[in-house]
Amino acid sequence: MPYQIVVCGSLVPDPLQTLEPVQGPAGPALKNEMMLPAWLDPWAGHALYEAAHLARQQPGSQVTLVSLGPKAKLQQVMMTVAQKVPFAWVALDGAAGGFTDPAETAAALAEAISALPGLNPAQLLVFGGWESATRGAGVTLQTVAERLGIPDVFLGVDELKVLPDGALEVLERIEAGRHLISRCAGPPAVLGWATGNLPEPKNNPQIGMANMRGVLPALQKARPVQIGAAGVTFASVTLPKQLRQTRTVKDASPDQIAAELIAWFKS
Amino acid sequence: MQTLLYLTATETDGSLGQPALEALGAAASLAAALPETTLLAGLVGAQVQPAANQIASCGAKRFLAVTGTDFAASRYASDAAAAAALIQASGAMLVVAPGTARWLRCLPGVAARVGGRADTHLTALEVVNGQVHAHRWYYRQRMEGVFTRAQRPWLLLVDPGSQPAWSGLPGQAVLEPLAVTLPDHARRTTVTGIREPAADAQTIRPDAKLLFVAGAGWTKKQADGQTHVPEAERLIRDFLRLSRASLGSSKSLVDLGGEGQAVLSFLSHLNQIGQTGATPRHPKGLATCCHGEEPHTVGWRFINERRAISLDPNCGWARGKADVLYVADAFRVMDRVNALLAGEANV
Ligand SMILES: Cc1cc2nc3c(=O)[nH]c(=O)nc-3n(C[C@H](O)[C@H](O)[C@H](O)COP(=O)(O)OP(=O)(O)OC[C@H]3O[C@@H](n4cnc5c(N)ncnc54)[C@H](O)[C@@H]3O)c2cc1C
């Protein structure tokens, strides 16, 4: 059965960068936020690769990536993401930082999804990362589901299987390293992905060329959206007292270290 | 007068687990600290009377319940219907719930349904000048924010492990059942089971005192120019068996599996700690053959005492991320640790 797979995915600062909070005009922000190199949000990336994998298995399926972020940054991130897997792209130009309210992001995403031409709920699967690496809230996708009237939501998904009768078998992460197994009658459904099972695809210049034909027009069409955190007042945003006084033990024998560790385990 | 609803699901036996009791502790303290606030309890599950009795003395004025087989399993549509009904029936403007996988999935959607907002992964709740302030981390545990919110109902999901659990005397609570009829579309999903490793192969142990992290160094060429993956596997397995520690991993090590290299057979992405992995809570953590880079160590935010064994004296752990760094060969150290632990076990 062909699916319409819509993936919600935006960008995050490179995790190897030092992040520092500052007070901006509308609340907290990151120091030099617009200068920080950006990446595709990792769990949203897994959702995108899983979407492309499912689309390959189900002929006639389409993947549409919907991204809400500052236009210039989206353009930068698309240069690599576009080379990974084939997709159509819809961009919304707005804030994507950690201090925005996921409910506002979700409202803009749901509006963009409902405006997709030829949308058919009987084929619709909405994917995304189960949490962003910015807010880390895990709120956006359920809010999108409610706004689109989709009754089935799965979060922390590591596996999706289409069963012979068209039902979906979904494995979600639950406590203590276990997975909950559910069977859903079929689309529409919303799935927030954890890591899944696929490695990151290698860059493929041919896919990149095909995707880029759609990327520039999508950027030009990117609608500005106002995303903030109305109603939220931050009292403080602080970095943790990070540094410990590390004691470096250099010349101890394995026996000495082992004895010290055992004493520590028991303390 | 305002109402604060403590909302939770019961375990299969109808009782409340540790995360639920922790959220109750937070809810009860908040209700006590806020002016003119009444605490109510909302319980969801196949049967909830044991849970209500368990917390009969928590100070809740009423115990509302949505029960029945439809509400036994963790399913978005039925959980959302139950939670929305409880919030609406209670008239609560504040809702406190445990941040379990079940409620993290459902309550953000419920917030949208009841016209409110949900905040997740809260690590502390306090009252400042009569207002609720919530603490949570941003950018994957890199910075901590404290905030308040104007929207109501405000659904507050408390991170398990972050609060002291409520304790008090059991009693006989009077339940007020709420009838919730599920529409057909809420039954499109059925929970068919749980996949988990066999008990002796389960390496993720949230209650363990110690987190043991394995890094990619275990699979790298060692001083003799060879890799020693089977030996690494044996040493780690033996240590987990003898110490009952929980096993974490760096991303580089779990990713090797996807790239077709020899890798430790019992590791999966569920073990991964860090930016794109888990942020578990344990009193102590020992990192081995791991470089301690920032995307990994952000996952150690809630590990109190930290030690590391690495050959590299300039690794990330040396730079203020661990309390103690042993510059040593983890193969040799863990071999001795296991010998000592095995010796103790045989005494
Ligand atoms: C978007 C993004 C997300 C990421 N998310 C995560 C994440 O969630 N979790 C994560 O872990 N990483 C994450 N990373 C990767 C991270 O930056 C590091 O690359 C990774 O943590 C390195 O893993 P490692 O320390 O095990 O391996 P390495 O960097 O290869 O280090 C191996 C260490 O083992 C030591 N060693 C070797 N042999 C021995 C021995 N016999 N005894 C003692 N020590 C020995 C070496 O000296 C070295 O220090 C992410 C990166 C990006 C870009």
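Residues numbered from 1 in each chain as written. Chains lettered and ligands numbered in written order. Predicted model: local features only at pLDDT ≥ 70, side-chain atom pairs only at ≥ 80, totals over all residues. Heavy atoms only, no water.

A.B. asks: Go over the overall build of chain A with me, naming the residues and quoting the values.
C.D. replies: Scanning chain A from terminus to terminus reveals six helices and 15 strands. Dimensions of chain A, computed from C-alpha atoms along their principal axes, come out at roughly 65 × 50 × 40 Å. Burial status across chain A gives 58% buried among its 267 residues. When contacts within chain A are restricted to residue pairs at least 6 apart in sequence, long-range pairs at least 24 apart make up 75% of them. (Helix = DSSP H or I, 4+ residues; strand = E, 2+ residues; numbered from the N terminus. Buried < 20%, exposed > 50% of the residue type's maximum accessible area, 1.4 Å probe, protein only. Contact = heavy atoms within 4.5 Å.)

A.B. asks: An account of the nonpolar core is requested, with residue identities and associated values reported.
C.D. replies: In terms of nonpolar packing, the biggest core is built from 56 residues, with Leu7, Trp103, Leu107 and Val110 of chain B touching the most fellow members. With ten residues, the single largest contributor to this core is helix α3 (residues 76–90) of chain B. Sequence-distant contacts of Leu107 of chain B, that is, excluding residues within four places in its chain, are made with Leu7, Ala83, Ala97, Ala118, Leu155 and Leu157 of chain B. Listed in part, the 46 residues of the second largest apolar core include Leu19 of chain A together with Leu24, Ala28 and Ala51 of chain B. (Core = buried A, V, L, I, M, F, W, Y, C linked by side-chain atoms within 4.5 Å.)

A.B. asks: Give a detailed account of the domain arrangement of chain B, specifying residues and quantitative values.
C.D. replies: All names here are of chain B. One can read the domain layout of chain B as domain 1 (2–187) and domain 2 (199–346). Distance from the C-alpha centre of domain 1 to the C-alpha centre of domain 2: 36 Å. Contact residues are listed per partner, giving nine residues for domain 1 and nine residues for domain 2. Both faces considered, domain 1 and domain 2 share a buried interface measuring about 800 Å² in area, 45% of it formed by carbon and sulfur atoms. By the criterion of area lost to domain 2, the three top residues of domain 1 are Arg140, Gln141 and Arg142, representing 70% of everything that side buries. Here domain 1 is connected to domain 2 by zero salt bridges. Taken together, the connections running from domain 1 to domain 2 amount to seven residue pairs in polar contact (both at pLDDT 80 or more). Residues that form the side of domain 1 that touches domain 2 fall into these classes: two nonpolar, four polar and three charged. (Domains from an automatic or database assignment. Buried area = accessible area lost by both parts, 1.4 Å probe. Salt bridge = Lys/Arg side-chain N within 4 Å of Asp/Glu carboxyl O. Polar contact = N/O pair within 3.5 Å; in protein donor to acceptor, adjacent residues only side chain to side chain. Nonpolar A, V, L, I, M, F, W, Y, C, P; charged D, E, K, R; others polar.)

A.B. asks: I'd like a description of the sheet that holds strand β11 (residues 189–195) of chain B, backed by residues and values.
C.D. replies: Read across the open sheet, the ten strands follow the order β13(A)-β7(A)-β6(A)-β1(A)-β8(A)-β12(A)-β9(A)-β10(A)-β11(A)-β11(B); overall the sheet is mixed. Here the strands that pair on one side only, and so sit at the sheet edges, are β13 (223–224) of chain A together with β11 of chain B. The pairing of strand β9 (residues 153–162) of chain A with strand β12 (residues 189–193) of chain A spans four bridges and is classified as parallel. Bridge pairing links Leu155 of chain A to Gly192 of chain A in β12 of chain A. (Pairing = 2+ DSSP bridges.)

A.B. asks: Now, about the state of the cysteines: what can you tell me, with residues and values included?
C.D. replies: Counted by the stated rule, this structure contains zero disulfides over all chains. Left unpaired, Cys290 of chain B is separated from the closest cysteine sulfur, that of Cys315 of chain B, by 8.1 Å. (Disulfide = S-S within 2.5 Å.)

A.B. asks: Can you lay out the side chain of Asp159 of chain B for me, pointing to particular residues and giving the numbers?
C.D. replies: Residues and elements named next belong to chain B. Among the secondary structure elements, Asp159 is positioned in the loop between β9 (154–158) and β10 (175–177). Arg281 is the oppositely charged side chain nearest to the buried, salt-bridge-free Asp159, at an N-O distance of 4.1 Å. Engagement of the side chain of Asp159 in a polar contact is seen with the side chain of His121, the distance being 2.9 Å. Among residues more than four places away in sequence, those in contact with Asp159 are Glu22, His121, Leu122 and Arg281. (Lys, Arg positive; Asp, Glu negative; His and termini not counted.)

A.B. asks: For the sheet that holds strand β7 (residues 131–138) of chain B, give the residues involved together with the corresponding values.
C.D. replies: Taken in spatial order, the four strands line up as β14(A)-β8(B)-β7(B)-β6(B) in an open sheet, and their pairing is antiparallel. Pairing within the sheet leaves two strands with one partner each, and these edge strands are β14 (232–238) of chain A together with β6 (124–128) of chain B. Here the strands of the sheet are splayed against their neighbours by 30° on average, with no regard to which way each runs. Relative to strand β8 (residues 143–149) of chain B, β14 of chain A runs antiparallel, the two being bridged by six bridges. (Axes fitted to C-alpha atoms, helices over the stretch in contact; angles between N-to-C directions.)

A.B. asks: So what about the site of the ligand? Which residues, and what values?
C.D. replies: Looking at the ligand, there are 31 residues lining it, with Ala216, Lys220, Gln222, Ser250 and His291 of chain B nearest. Neighbouring residues of the ligand are not confined to one chain but are distributed across chains A and B. Within the side chain of Lys220 of chain B, one N or O atom sits 2.7 Å away from an oxygen atom of the ligand. Here Ala330 of chain B contributes a backbone N or O atom positioned 2.9 Å from a nitrogen atom of the ligand. (Near = heavy atom within 4 Å.)

A.B. asks: Outline the side chain of Ser67 of chain A, supporting the account with residue identities and numerical values.
C.D. replies: Residue and element names in this part refer to chain A. Mapped onto the elements, Ser67 comes out in strand β6 (residues 62–69). The buried category is assigned to Ser67, whose relative accessible area is 1%. Contact partners of Ser67, with chain neighbours within four places excluded, come to Gly9, Leu74, Met78, Trp89, Val90, Ala91 and Leu92.

A.B. asks: Outline the environment of Gly60 of chain A, supporting the account with residue identities and numerical values.
C.D. replies: The residue Gly60 of chain A is located in the loop between α1 (42–57) and β6 in this model. When the C-alpha positions of Gly60 of chain A and Asn204 of chain A are compared, they lie 21 Å apart, and in sequence the two are 144 residues distant.

A.B. asks: Explain α1 of chain A to me, using residue names and the numbers behind them.
C.D. replies: Residue and element names in this part refer to chain A. For α1, with 16 residues, the first-to-last C-alpha span of 23 Å sits near the 22 Å given by 1.5 Å per residue. Burial analysis of α1 places twelve of its 16 residues in the buried class, which makes it a mostly covered element. For α1, the complete set of buried residues consists of Trp43, Ala44, Gly45, His46, Ala47, Leu48, Tyr49, Glu50, Ala51, Ala52, Leu54 and Ala55. (Expected span 1.5 Å × (residues − 1).)

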